[in-house]
Amino acid sequence: MELSDLGGARLGLISEEAEQQDFSPDSASQMFHPAAERGGRTFQRFSVGTDDSLRFEACEDSSPSPTGAEDGHDDDDDVFKTGGTQELVSIRNQLQGKVAEMENFAGHLEEIFLTVEENFGRQEQNLEQHYNEVLQTLSQRYDDGASALQEEKKKKLESLYAQLLLCGQALDRSKDLIETAQEVHRNQDRRLFLKTVAAVIKRIEAFAKEEVDLTLSTSLEFKTPLADLSDVKTMMDSINVVPAPSAPVINPQTPNSASQTSLRVCWSLFSDDTVEFYELYYRPVLEEPPADSSSAPPASRVQVKETHCTVTELLPNAQYELWVTATNTTGISPASEKALYMTVPSPPVVRQRDSSSCPEAALIRWESGNANPVDSYTVELREAGSDGAAESMVAVPACQCLVQLQAGRRYLVSVRAVNIGGPSDRSDVITVSTTGTFFHLLEDTAHPCLSISEDGFSVFYGDEELPISAMALDDTTFTRCVAVLGDLIPVRGRHYWEVEVDEDTEFRVGVAYEDTERNSYLGTNRTSWCMRHIRTPSRHKYEFLHDGWSPDLRITVHPVRVGVALDYERGTLSFFNADLEQNLHTFHCRFQAYVLPCFSLDNPGALTVHNGSGAPEHVFA
Amino acid sequence: MRHRARPSRRGRDSAIEKRLIRVAQGSAKSARRRLYLVLIMKHYLVTKKLLCVCRSKMALTQVSSNKCAGGFQKVFEHDSTELKCKMKFAVYLPPKAETDKCPVMYWLSGLTCTEQNFITKAGSQLAAAEHGIIVVAPDTSPRGCNIEGEDESWDFGAGAGFYVDATQDPWKSNYRMYSYITEELPKLIIANFPTNPDRMSICGHSMGGHGALICALKNPGKYKAVSAFAPICNPIQCPWGQKAFSGYLGPDKSTWEPYDATVLAASYSGPQLDILIDQGRDDQFLSAGQLLPDNLISTCSEKKIPVVFRLQPGYDHSYFFIYSFMNDHIKHHAKYLNA
């Protein structure tokens, strides 16, 4: 087996591994034989990286004993085939496995090799940098010092020169004086001599009195100022000392890493600093900045050793500011940039009562469940009882969603709120059935005298007079007609529902536009159509009212269960005696907008709405 | 087999007979076998005779045929056994009749009408085609019977059969419109047209409305639907009815009651009905007290017979009124005939 030595210690492991393999000496000499010569046995060629000096030979599927070469093979065929083939195969598999391991290992080593190179490069760079800095500082100091000395020399020379000048001047003056005196002395004219000699004598006296300053103005010695090399010293020291870490880099929020009350924060180090621990600071971001800046909420602090941390006990749908510092023996790094993270919102609140459906679609409504706004909602629905995948509607902007469905099935629906932190937990699941049209009554629209049962489908008009205070000044409630509207899904299809009444109940049932006048009676305006039952002592009377007009009809059997069928496409509103399947009357009208079912009681009584079952066949025939 | 010219029908029949006789007498060994064969032969002969009779009586002659609304409006004539005269009736065959069996709606016309008024004025063909219903409209009385006095009034005699079986002379022999409508005509229609025998309904106007109502009330379950335009609801109480009944049925009012819709309603028991009645508010005969719908309504209210009675403002007694609401009526019938 030939193994080139690339750097002893590193490949020592491989050699050990190699030695464990029991390679026959024969195969060692056969290095480059192609597979064909081996009679079809597969080879595994292996080399590390681009350096071809490291080679492995495939382990032959020969027996581990060195004598299992080709030579004696043919003779021993029988012997091997009986018990030896299985052994051969297992051994071959083992060896193959070993080779694979070694491949992996060598690859790993390659990586380590590269990393070491990198590290070395980096360290070299650091060292160079450091020393360069020190050298630069030192040379600068030298320059400073030298220039200071020069300056001093100049100064001293100047002062000496000045002194010299002064002396020269003094000399000149005294010479001048002497000359003048001599001249005066040589003067023959006595009278002139007497005149000037006094002045000259005075001058000479004055001059003689003058002290001659012969001291040097400056000293001849230079003071060498003490060079301040303390910072150089610290730099030299710092080469040996681990530097304080640089500011970590905090990552932006990864999607789906946050929960309602926790955030998962990750950061990384820019460089290869050694760090003992990190400190993560966080505080909530308030909507309005506080009046005085000093009362910002205090930041909480968490100490961690890893480069990630999960912060808990937070508020849902809230924004937090986070930053992190790294600390080692030298000191604390500067703070990282502040990152804004957002926790996931609380799940929305979905109520069975707020949804309505029809065979083709369902309208789901919910409440946000969060005080602050969220970005959007995701509606998830799945067919009940099937293993089918759930469908999701994303980026729903408002708190309601109209979904297209298939008729005659039951669906399970839930909603999540979404913000930049991710989606919230799932809300409660409600069941939506697409059999027939299903709706609840809009309790907000009910006249104050009308009370609605707990299940929401029966209304009662009691005898008692309600106090005036109970009369709401609401825009949506009926004020004269004791009526209530139903929450029919706004889909242009066919809808059918039934109303159960008593023999003597005086009622009006039908449909009306959502903005029908709340202070007028159903059927007396152009925005409502209804069937009206009037009970006289002798008989029943029926009217089919719209815009105050009704056809003249007699009905002999009083319906106690009225079927109402609405067909937007055909523009018809039909009324039936549901028990007899008898058609009572049909309005033909092109509805300009979506209509809502309306129900009212003209005298104390009760009626019950039945919906959610499909229309009988005869209704839409 | 030797080839010979196909003998005539009579020849063929007699050949069969001869064979049967030969077989009966000849090769059969046992006496019992011979007996059976003789019986078969007898049965065969009797049936053949009967068929001959029936065929001649159920023979229809087509009088006219016009393509209409995708189907055919035809008029046929036949010899009526009940009325003992030649009678015409109109039949509308919708497109569906070419391939499938269809239900039948019988229309009974009012005073002075023939089978023509309905098919030319009522506008029923489009709706009948849409719903796939065969509409049969017979005449209102026997014709050409040469009875004295039959042409004297327009509201008695010819064109005013009142859909009763007369018991008085000289009417009792021919004026049997009730039996004609309820027995003979349906058999004729079933035998000659692609019909669903158990799906029929009845409808009419004025006197025909009266006819429709009494036929439905007197034959519970026979008609799947019934409706009427301005019917005479209570003939016993109105001038028309009194004149006709006294003429056809005699002075005993108890014989009139079985032909009065209001009376019949009071004692009706049978499958639930669903009666649609349209009445023009400006109908002169309504105001003249000939129609009396209120009586029927109050009886039906009491007896819980479902009726929807619509008083249509501005409409009179004419075919313009019928035309206006014919679609609603055919839809009403279709709901039950096609259910």
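Residues numbered from 1 in each chain as written. Chains lettered and ligands numbered in written order. Predicted model: local features only at pLDDT ≥ 70, side-chain atom pairs only at ≥ 80, totals over all residues. Heavy atoms only, no water.

*Asks:* What is the right way to look at the nonpolar core in this model?
*Replies:* Within the largest apolar cluster, 98 residues are counted, with the highest numbers of intra-cluster contacts made by Phe89, Phe162, Ile202 and Tyr248 of chain B. It is helix 11 (residues 319-337) of chain B that provides the largest number of residues to this core, a total of 8 residues. Setting aside anything within four residues of it in sequence, one finds Phe162 of chain B in contact with Leu111, Asp155, Met207, His210, Ile232, Trp240, Gly241, Ala244, Phe245 and Tyr248 of chain B. In this structure, Phe544, Leu573, Phe575 and Leu601 of chain A belong to the second largest nonpolar core, which totals 49 residues. (Core = buried A, V, L, I, M, F, W, Y, C linked by side-chain atoms within 4.5 Å. Buried < 20%, exposed > 50% of the residue type's maximum accessible area, 1.4 Å probe, protein only. Helix = DSSP H or I, 4+ residues; strand = E, 2+ residues; numbered from the N terminus. Contact = heavy atoms within 4.5 Å.)

*Asks:* Honestly, helix 6 (residues 207-218) of chain B in this entry has me stumped. Any pointers?
*Replies:* Given 3.6 residues per helical turn, the α-helix brings residues three or four places apart onto the same face. The end-to-end C-alpha distance of helix 6 of chain B, which contains 12 residues, comes to 16 Å, matching closely the 16 Å that a straight helix rising 1.5 Å per residue would cover. A large share of helix 6 of chain B lies buried, amounting to 11 of its 12 residues. (Expected span 1.5 Å × (residues − 1).)

*Asks:* What exactly am I supposed to notice about a negative patch on the surface here?
*Replies:* All names here are of chain A. Taken together, Asp172, Asp176, Glu179 and Glu183 make up a surface patch of like negative charges. Locating Asp176 in the fold gives a position in helix 3 (residues 77-186). When its relative accessible area of 44% is taken as the criterion, Asp176 is described as partly exposed. (Patch = residues over 30% accessible without salt bridge, like charges linked within 9 Å, V, L, I, M, F, W, Y side chains within 5 Å. Areas by Shrake-Rupley, 256 points an atom, 1.4 Å probe, with all protein chains shown as cover. Salt bridge = Lys/Arg side-chain N within 4 Å of Asp/Glu carboxyl O. Lys, Arg positive; Asp, Glu negative; His and termini not counted. Charge placed at Lys NZ, Arg CZ, Asp CG, Glu CD.)

*Asks:* Honestly, the pattern of salt bridges in this entry has me stumped. Any pointers?
*Replies:* Here the idea is simple: oppositely charged side chains can pair when their charged atoms come close. All names here are of chain A. Enumeration according to the criterion identifies 29 salt bridges over all chains in this entry. Here Arg561 and Glu498 are joined by a salt bridge, their closest N and O atoms 2.6 Å apart. Of the two residues, Arg561 sits in strand 28 (residues 561-567) while Glu498 sits in strand 23 (residues 494-501), which places them 63 residues apart along the sequence. Judged by relative accessible area, Arg561 falls into the partly exposed class, the value being 23%. Glu498 gets classed as buried once you look at its relative accessible area, which sits at 12%. Asp602 serves as the salt-bridge partner of Arg532, at 3.5 Å between the closest nitrogen and oxygen. Here Arg532, found in strand 25 (residues 528-535), pairs with Asp602, found in the loop between strand 31 (595-601) and strand 32 (605-610); they are 70 residues apart in sequence, far enough to count as distant. For Asp602, a relative accessible area of 23% gives the class partly exposed. If you follow the salt bridges from partner to partner, you end up with Arg508, Arg532, Glu543 and Asp602 in one network.

*Asks:* Any chance you could explain the environment of Gly456 of chain A here in plain terms?
*Replies:* All names here are of chain A. Mapped onto the secondary structure, Gly456 falls in the loop between strand 20 (450-452) and strand 21 (458-461). Assessed through its relative accessible area of 3%, Gly456 is described here as buried. Each C-alpha atom, one on Gly456 and one on Val609, is 9.0 Å from the other, the two residues being 153 residues apart in sequence. Among residues more than four places away in sequence, those in contact with Gly456 are Arg353 and Leu441.

*Asks:* Any chance you could explain the UniProt feature "active site" (unreviewed entry) in chain B here in plain terms?
*Replies:* All names here are of chain B. According to UniProt, the "active site" (unreviewed entry) feature falls on Ser206, Asp283 and His317. Taken along the chain, the residues just named run across 112 residues; in space they keep tight, none of their C-alpha pairs more than 10.9 Å apart. Inspection of the secondary structure assignment puts Ser206 in the loop between strand 6 (195-205) and helix 6. Once you skip the residues sitting within four places of it in the chain, Ser206 turns out to touch Gly110, Phe229, Ala230, Pro231, Ile232, Trp240 and His317. Position of His317 relative to the elements: it lies in the loop between strand 9 (307-312) and helix 11. Note on His317: relative accessible area 11%, which makes it buried. Beyond its immediate sequence surroundings of up to four residues, His317 is in contact with His205, Ser206, Ala230, Asp283, Phe285 and Leu291. (UniProt positions renumbered as here; feature names shortened; annotations may be inferred.)

*Asks:* Even after reading the chapter, I still don't get the packing of aromatic side chains, so can you show me in this structure?
*Replies:* Pairs of aromatic rings are described using the distance from one ring centre to the other and the angle between the two planes. Summed over all chains, the structure comprises 32 aromatic pairs over all chains. Considering the side-chain rings of Phe575 of chain A and Phe587 of chain A, the 6.1 Å spacing of their centres and the 75 degrees angle between planes classify their relative orientation as edge-to-face. One end of the pair, Phe575 of chain A, is in strand 29 (residues 572-577); the other, Phe587 of chain A, is in strand 30 (residues 582-588), with 12 residues separating them in the sequence. Relative accessible area serves as the criterion here: at 0%, Phe575 of chain A is assigned to the buried category. On the basis of relative accessibility, which here comes to 9%, the residue Phe587 of chain A falls in the buried class. Here the aromatic cluster, defined as three or more aromatic residues joined through ring pairs, consists of Trp107, Phe118, Phe229, Tyr315, Phe321 and Phe325 of chain B. Lying over the aromatic face of Trp323 of chain A, Lys338 of chain A brings its terminal NZ or CZ to 4.8 Å of the ring centre. The lysine or arginine in question, Lys218 of chain B, covers the ring of Tyr178 of chain B, its NZ or CZ lying 5.1 Å from the ring centre. (Phe/Tyr/Trp six-rings, centres within 6.5 Å; stacked < 30°, edge-to-face > 60°. Lys NZ or Arg CZ within 6 Å of the ring centre and 35° of its normal.)

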